[in-house]
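Now for the letters of each chain:
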Amino acid sequence: MAVKTLQKIRDRLEQRPAELEQARRNGAKVVGWSGYNVPEELLYALGFIPVRIAAGGDDRLVEIGARYISTRNCVYTRELLGLIEQNQDPYVRNVDAYVFDATCLQTYRVAELVEFYFKKNVFVLGVPRNFYWEEAKDYFVHEAEDFTKALETEAGAPLDPAKLAAAVELYDRIRANLKAVYAYQAVKDPLLSWEEAYDLIQAGYVLDRKEYLALLEETLAELKALQPEPVLEPDADEVRIFLSGSILPPGDRKLIHIIQDLGGRIVGDDLWSGILPYLDVEIAENTVGAVALGYLNRTPHAALPYVVDTETDKRLQKLHTLVGASKADGVVYHTLRYCDPFSFKAKETKDVLAETGIPLLEIHTEYAGSDYEAIRTRVEAYIEMLRNRNLFTREVQA
C-alpha cells in the first residue's frame, strides 16, 4: 500500500523551481549551501530561502568541473563545480549567493573557485580541526558570529532574535518528525522503503521549510494510521544492509540500485547526505553561539575532527548504535575515489565493526559507469555471504 503523501511531495518538488523564481521577483534572496556544519537556522532566520546544492552520478558534469579543479579531487566536488558552471540546474539558476563550510577541505576549495571563476557572492564558515578543545568551540562560535554578520550585510537587515527562536523551533520539529518517519523504513513489512525515506530527506533541502514540516507531519500521521504497531523484526530470508561512507547525493543511485537489484534491503545509513545530520542536534538556547555548538557537538563528519581514536570516536559510536538499532546484517562502506577522509577511516571502521561480528564491504567508485559490473560482482558475493551466514545462524539456533 503506497503512502499517498509521498506523491504529494513529488508534485511539490516539480513546482518548487517556479516558486523560487517568483519569490526572487518579489525580492527574496536564495542562498545555495553545501557542507555539513552549515547551520540552516541562521540562513532561514535572516530571511533567506536556503537551498542545498548537491548532485552526483553525472560524468559529463564531472568532466566540466575538472577544467577548474584537479582530477585528484573527488568526483562530488568536480561535479559540484560543473553543476554551478553550467548554470542549468533549476536550483542553481535561482541562487543569489553561496554558503560553504570548511568541514571538508575539498568543498572549501570549491568555494574559492566558485568565487574566483564564476564571480559569485560566496560566504565561508570556518570549522575547527578538533571539536573537543574549549578553544575550538570558542573558535567556532566566533566564526558563526562573524559569518552571521557577513550574511546580515547580504540580507540588508540584522538578525532578529525572535526570528532565530522561531527558526530553531521549526528545525527542531522538522528533525523530530523526520526521525520518526525514518524509523518506519526499517520495520517488518515496511510501507516506506529506505530509498523513499532518503528522497524525503532530500526534499527537505529545497522545499519551503514550514511546508516541509507540514508534509512530514502528514506523512507520519498516514504511516501511523496504516501501521499502528510497526515491528522491528527481520524477515527470515532477507539480507539487511546498512550504508555508510562518502556522500550519496541526488543522482548517484548506482550503488543503491545494485544492492536492491541483488536482493539486499537497505535499512539504515549514517551518510552525511542521509539521516546523520538530523541526529543529536541539541540547541540549548536561541543564540548564534548555541546554534553553532548544537551543530559542532553532534555526530561528526568523517573529515573532522582530526584527533580521535577508536575508543572515543563519536562517529564510530553512533555507527554501532545505528547498525544495532536497524538490525542490519552488514555494512556497505562506500568511498568516492579521492575522498581521502572516508578512505583513510575505512579500515578502522571495519576493524571496530568486526569486534561485534558485523562484516563490512568497502566499495570504491566514481560516477562513470565503467565500474558497474565490478561493483555488482562484489556486492553480489557479499550479500550471498550474509545470506548464508544468516541461514547457518538459524540452523544452529534451531
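Look a little higher up for the structure.
What comes next is a walk through the structure. All figures in this text were calculated on a predicted structure; none of them were measured in a lab. (Residues numbered from 1 in each chain as written. Predicted model: local features only at pLDDT ≥ 70, side-chain atom pairs only at ≥ 80, totals over all residues. Heavy atoms only, no water.)

**Some remarks on the overall build of the chain**
Now for step 1: Counting secondary structure elements, the chain contains 15 helices and eight strands.
Now for step 2: What you see for the chain is a C-alpha radius of gyration of 21 Å, in line with the 21 Å of a compact globule of 398 residues.
Now for step 3: Taken across its 398 residues, the chain has 55% of its residues classed as buried.
Now for step 4: Residue pairs at least 24 apart in sequence account for 75% of intrachain contacts in the chain once pairs closer than 6 positions are excluded.
Now for step 5: For the chain, the accessible surface area stands at approximately 17,000 Å², while carbon and sulfur atoms represent 52% of it.
Now for step 6: Distance between charge centres in the chain, computed from 46 positive and 63 negative side chains, equals 2 Å. (Helix = DSSP H or I, 4+ residues; strand = E, 2+ residues; numbered from the N terminus. Rg over C-alpha atoms; globule rule 2.2 N^0.38 Å. Buried < 20%, exposed > 50% of the residue type's maximum accessible area, 1.4 Å probe, protein only. Contact = heavy atoms within 4.5 Å. Areas by Shrake-Rupley, 256 points an atom, 1.4 Å probe, with all protein chains shown as cover. Lys, Arg positive; Asp, Glu negative; His and termini not counted. Charge placed at Lys NZ, Arg CZ, Asp CG, Glu CD.)

**Examining the environment of asparagine 94**
Now for step 1: The residue asparagine 94 is located in the loop between α4 (75-86) and β3 (97-101) in this model.
Now for step 2: Distance from asparagine 94 to proline 17, taken between C-alpha atoms, is 7.9 Å for residues 77 residues apart in sequence.
Now for step 3: Contact partners of asparagine 94, with chain neighbours within four places excluded, come to Pro17, Leu20, Glu21, Arg24 and Val30.

**Some details on the nonpolar core**
Now for step 1: Formed by 131 residues in total, the largest nonpolar core has its most connected members in Ile53, Tyr98, Val99, Val114, Leu243 and Val379.
Now for step 2: The element best represented in this core is helix α7 (residues 161-182), accounting for nine residues.
Now for step 3: If we skip the residues at most four places from it in the chain, tyrosine 98 touches Gly32, Ile53, Ile84, Val92, Val114, Lys120, Asn121, Val122 and Phe123. (Core = buried A, V, L, I, M, F, W, Y, C linked by side-chain atoms within 4.5 Å.)

**Comments concerning helix α6 (residues 134-155)**
Now for step 1: For α6, spanning 22 residues, the distance from its first C-alpha to its last is 31 Å, which sits close to the expected 32 Å at 1.5 Å a residue.
Now for step 2: For α6, the secondary structure elements touched by its buried residues are α2 (40-45), β3, β4 (122-125) and α11 (288-296).
Now for step 3: Where α6 terminates, the next one or two residues include glycine 156, which has phi positive at roughly 80°. (Expected span 1.5 Å × (residues − 1).)

**A look at the packing of helix α12 (residues 314-326) against helix α14 (residues 346-354)**
Now for step 1: Between α12 and α14, the least distance of the axes is 11 Å, while the angle of their chain directions is 45°. Taken as axis vectors, α12 and α14 run oblique relative to one another. Remark: the crossing between α12 and α14 carries right-handed chirality. When α12 is examined against α14, the residues Arg315, Leu316, Leu319 and His320 are found in contact with a partner set consisting of Glu348, Thr349, Val352 and Leu353.
Now for step 2: The class makeup of the residues in the contact of α12 with α14 is four nonpolar, two polar and two charged. (Axes fitted to C-alpha atoms, helices over the stretch in contact; angles between N-to-C directions. Parallel < 35°, antiparallel > 145°, perpendicular 65-115°, else oblique. Left-handed = near helix turned anticlockwise from the far one by under 90°. Nonpolar A, V, L, I, M, F, W, Y, C, P; charged D, E, K, R; others polar.)

**Quick look at the sheet that holds strand β5 (residues 239-245)**
Now for step 1: Strand order in this open sheet of four strands is β6-β5-β7-β8, and the pairing throughout is parallel. Pairing within the sheet leaves two strands with one partner each, and these edge strands are β6 (264-269) and β8 (360-365). Direction aside, neighbouring strands of the sheet carry axes that sit 35° apart on average.
Now for step 2: When strand β7 (residues 330-336) meets β8, the two strands line up parallel, connected through six bridges. Residue pairing in the sheet places histidine 334 in a bridge with isoleucine 363 of β8. (Pairing = 2+ DSSP bridges.)

**Observations regarding the pattern of salt bridges**
Now for step 1: A complete count under the given rule lists 26 salt bridges for this structure.
Now for step 2: For the salt bridge of arginine 376 with glutamate 380, the shortest nitrogen-to-oxygen distance reads 3.9 Å. With a gap of four residues between them, arginine 376 and glutamate 380 both fall in helix α15 (residues 372-397), about one helical turn apart. (Salt bridge = Lys/Arg side-chain N within 4 Å of Asp/Glu carboxyl O.)

**Details of the pairing of β6**
Now for step 1: Across the six residues of β6, six count as buried, placing the element largely inside the fold.
Now for step 2: Across five bridges, β5 lies against β6 in parallel orientation. Pairing of phenylalanine 242 across the sheet is with glycine 268, part of β6.
Now for step 3: Crossover β5 to β6 through helix α10 (residues 254-261) is right-handed. (Right-handed = clockwise from strand over helix to strand, strands pointing away.)

**Observations concerning the side chain of arginine 175**
Now for step 1: Mapped onto the elements of the fold, arginine 175 is located in helix α7.
Now for step 2: Setting aside its immediate chain neighbours within four residues, arginine 175 contacts Glu41, Tyr278, Val281, Ile283 and Tyr295.

**Some words on unusual backbone geometry**
Now for step 1: The omega torsion across leucine 304 and proline 305 is -5°, close enough to zero to call that bond cis.
Now for step 2: Note that proline 305 resides in the loop between α11 and α12.
Now for step 3: Not every positive phi belongs to a glycine, and tyrosine 338 is a case in point at roughly 75°.
Now for step 4: On the secondary structure map, tyrosine 338 appears in the loop between β7 and α13 (340-344).

**Some words on the side chain of serine 273**
Now for step 1: For serine 273, the location among the structural elements is in the loop between β6 and α11.
Now for step 2: Relative accessible area serves as the criterion here: at 2%, serine 273 is assigned to the buried category.

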